[in-house]
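# Working through the structure, step by step
Spelled out from the first residue to the last, the chains are:
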Amino acid sequence: MLIKQLIIGSSMVLVTASLHVVALFFLAVRSRRMLIDSTWSENYLKRLVILSLLVLAVVAIHSVGVWLWAFFYLAIGEFSEFGRALYFSATTITTLGYGDITLSPDWQLTSTFEALSGLILIGVSTAFMFEMMRHVLDDAT
């Protein structure tokens, strides 16, 4: 069962990380196009709108990861209610981990992969937002 958890956990990290990076790439491309457009680039308020939308989009991307892990936990039979699976996933991916809900010993290791995934993707998102803010603010001066 250990090998199964390692393979499945690693696969879930690969899937969520790939989706995350692809989504960030498209966000970067789209926001750069908006900044090139003179009607957006000359207006500071519009630049703030772009940054605000980027933050909301990053939150949405993280939410997709939480939902994917929750569906995974439902699929393997660890939870019978989606709400509990979603709660467990959200607390695990953020590494908050209250511990009030845990997985069975057969699947406990997979939750560490979710936590690792969350740590990595939060770091990637932070770097992305830092770079986007630098780009938006550098062009504004």
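Everything numeric in this text was worked out from a predicted model, so none of it was measured. (Residues numbered from 1 in each chain as written. Predicted model: local features only at pLDDT ≥ 70, side-chain atom pairs only at ≥ 80, totals over all residues. Heavy atoms only, no water.)

What follows concerns helix H1 (residues 2–36). With 35 residues, H1 extends 51 Å between its outermost C-alpha atoms, agreeing within 8% with the 51 Å of an ideal straight helix rising 1.5 Å per residue. By the burial criterion, the buried members of H1 are Gln-5, Gly-9, Met-12, Val-13, Thr-16, His-20, Leu-24, Leu-27, Ala-28, Ser-31, Met-34 and Leu-35. (Helix = DSSP H or I, 4+ residues; strand = E, 2+ residues; numbered from the N terminus. Expected span 1.5 Å × (residues − 1). Buried < 20%, exposed > 50% of the residue type's maximum accessible area, 1.4 Å probe, protein only.)

Once that is clear, we can look at the packing of aromatic side chains. Evaluation of the coordinates by the stated rule reveals 12 aromatic pairs. Seen from their ring centres, Trp-67 and Phe-71 are 6.2 Å apart, and the 55° between their planes marks the pair as tilted. In this pair, Trp-67 and Phe-71 are both assigned in helix H3 (residues 44–75), four residues apart and thus about one turn of the helix distant. Centroid distance Trp-69 to Phe-72: 5.8 Å. Interplanar angle 90°. Geometry classified as edge-to-face. Taken together, the residues Trp-69 and Phe-72, both in helix H3 and three residues apart, mark about one turn of the helix. Classification of Trp-69 by relative accessible area gives buried; the value is 0%. (Phe/Tyr/Trp six-rings, centres within 6.5 Å; stacked < 30°, edge-to-face > 60°.)

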